[in-house]
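# Survey of secondary and tertiary structure
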Amino acid sequence: MNQTIDIIMGRRSIRKFSETPVEKEKIEIILKAAMATPTATNARDWKFVVTQNKEMLLKMADANMKYADPLRRATLGILVCGDKARSAWDFWQVDASAAVQNMIIAAESMGIGSCWLGVWPLEERVKNQMELLGLDENTIPHSLIAFGYPAEGEKFGVSRENRPEYEEDRVIIIE
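Below: a short report on this structure. From a predicted model like this one, the values you see are computed outputs, not experimental measurements.

Right, let's get into the overall build of the protein. Counting its secondary structure elements, the protein contains 6 helices and 4 strands. In sequence order, the secondary structure elements of the protein are arranged as α-α-β-α-α-β-α-β-α-β. Since a compact globule built from 175 residues should have a radius of gyration of about 16 Å, the 17 Å found for the protein is in line with a globular shape. Its C-alpha atoms put the protein at 50 × 45 × 30 Å along the principal axes. Among the 175 residues that make up the protein, the fraction classed as buried is 45%. Counted over contacts in the protein with a minimum sequence separation of 6, partners at least 24 positions apart contribute 80%. In the protein, 22 side chains carry a positive charge and 26 a negative one; their mean positions are 4 Å apart.

Rendered as structure tokens:
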């Protein structure tokens, strides 16, 4: 198969990271991949809060309640937010999700592990992140992504044999 499909099919969530920081150039590539995502009406209705500050990563994990442990071990965290002021038809949630997918695939292609952590639509998590980061009412937290180089022994990618098979019963074909 081709390299892109291999990356998509082999990607898995990484929850334990080494102490090696993600290089600035690679962070920029991850963000460029996010910004290459198509958006409804080309609104580009996302914002990204980026930090490598360990203290802030811990605070962001706490703000997401008990569901963000991988962020505690990551060397990079990115909070993907929707920008309601730019969202023409309130499609920011879909656009943010697509941006996250591009980010984790780009990271995987560079040997950087990731774990996608949900924020939106859980009101308490959204509110906690907004308060912690001082976000305005139009900047809505959607997803947290923990990034870093996988810790020794942490499996990076999986063979196709371990992936779920194609599920024909999940597909509706109209002819």
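What follows continues from the structure just given.
Within this structure, the stated rule accounts for 3 aromatic pairs. Aromatic pair Trp92 and Trp120: ring centres 5.4 Å apart, planes at 75°, arrangement edge-to-face. Within this pair, whereas Trp92 is found in helix α5 (residues 92–109), its partner Trp120 is found in the loop between β3 (113–118) and α6 (123–133), the two being separated by 28 residues in sequence.

Relative to each other, helix α2 (residues 24–35) and α5 sit at 145°, their axes nearing to 7 Å. As for how α2 packs across α5, the hand of that crossing is right-handed. Within the contact between the two elements, α2 uses Ile30, Leu31, Ala33 and Ala34 and α5 uses Ala99, Asn102, Met103, Ala106 and Ala107. Of the residues contributing to the contact of α2 with α5, the split by class is 8 nonpolar, 1 polar and no charged.

What follows deals with α6. Within α6, burial applies to Arg125, Val126, Asn128, Gln129 and Met130. Taken together, the buried residues of α6 touch α3 (54–63), β2 (76–83), β3 and β4 (139–148). Phi turns positive one or two residues past the end of α6, at Gly134, with a value near 65°.

Next up on the list: the side chain of Gln129. For Gln129, the position within the fold is in helix α6. Residue Gln129 is classed as buried on the basis of its relative accessible area of 0%. Each residue touching Gln129, except ones within four places of it in the same chain, is listed here: Met60, Ala63, Asn64, Leu79, Val119, Leu135, Pro141 and Leu144.

In a regular helix each residue adds 1.5 Å, so 12 residues correspond to 16 Å; α2 covers 16 Å between its end C-alpha atoms and thus fits that length. Where α2 is concerned, the buried positions are Ile27, Ile30, Leu31, Ala33 and Ala34. Projected onto a plane normal to the axis of α2, the buried residues spread over an arc of 155° and lie on a single side. Along α2, exposed side chains directed more than 90 degrees from the buried face belong to Glu25 and Lys32. The inward-facing, buried residues of α2 abut β1 (46–51), β2, α5 and β4.

Before going further, it helps to examine the nonpolar core. Of all hydrophobic cores here, the largest spans 21 residues; its most connected members are Ile30, Phe48, Ile78, Val80, Met103, Ile112 and Phe147. Among the elements of the structure, α2, β1, β2, α5 and β4 are those that each provide at least two residues to this core. Residue contributions to this core peak at 6 residues, all from α5. Core analysis: the second largest hydrophobic core is formed by 19 residues, Phe17, Leu71, Cys81 and Trp92 among them.

Glancing now at a nonpolar patch on the surface. Side chains of Ile5, Ile8 and Met9 sit close together on the surface and give an oily, nonpolar patch of about 210 Å² of accessible area. Note that Met9 resides in helix α1 (residues 3–10).

Cut-off values and rules
Positions within a chain are numbered from 1, following the residues in the order the chain's sequence is written. Residue-level local features of this predicted model are given only where pLDDT is at least 70; pairs of side-chain atoms are given and counted only at 80 or more, and the full residue set underlies all totals for whole chains, interfaces and linings. Computation of side-chain values covers all heavy atoms of the structure but excludes hydrogens and water. Here a helix means four or more residues in a row that DSSP labels H or I, a strand means two or more in a row labelled E, and each is numbered from the N terminus. Here the radius of gyration uses the C-alpha set of atoms, whereas the globule reference equals 2.2 Å times the residue count to the power 0.38. Using a 1.4 Å probe on the protein chains alone, a residue whose accessible area is under 20% of its type maximum counts as buried, one over 50% counts as exposed, and one in between counts as partly exposed. Here a residue-residue contact requires only that any non-hydrogen atoms of the pair lie within 4.5 Å. As used throughout, the charge tally considers Lys and Arg to be positive and Asp and Glu to be negative, leaving His and the chain termini uncounted. Charge coordinates come from a single atom per side chain, which is NZ of Lys, CZ of Arg, CG of Asp or CD of Glu. Note on aromatic pairs: the rings of Phe, Tyr and Trp (six-membered ring only in Trp) are paired at centre separations within 6.5 Å, and the planes decide the class, stacked below 30 degrees, edge-to-face beyond 60, tilted for the rest. Note on geometry: axes are lines fitted to C-alpha atoms, helical ones only across the stretch in contact, with angles between N-to-C directions running from 0 to 180 degrees. Note on convention: near helix rotated counterclockwise from far helix by under a right angle means a left-handed crossing. Clockwise means right-handed. Polarity classes work like this: nonpolar for Ala, Val, Leu, Ile, Met, Phe, Trp, Tyr, Cys and Pro, charged for Asp, Glu, Lys and Arg, and polar for all others, with Gly in that last group. In this scheme, a helix's expected span is set at 1.5 Å multiplied by one less than its residue total. In this description, the arc belongs to the directions extending from the helix axis to the C-beta atoms. Throughout, nonpolar core names a set of buried Ala, Val, Leu, Ile, Met, Phe, Trp, Tyr and Cys residues whose side chains join them through atoms within 4.5 Å. Patch definition: residues above 30% relative accessible area lacking any salt bridge, with like charges linked at up to 9 Å and the nonpolar side chains Val, Leu, Ile, Met, Phe, Trp and Tyr linked at up to 5 Å. Exposure was quantified through the Shrake-Rupley algorithm and a 1.4 Å probe, taking into account, for residues, occlusion by the shown protein chains and nothing else. We define a salt bridge as a side-chain nitrogen of Lys or Arg found within 4 Å of a carboxyl oxygen belonging to Asp or Glu.

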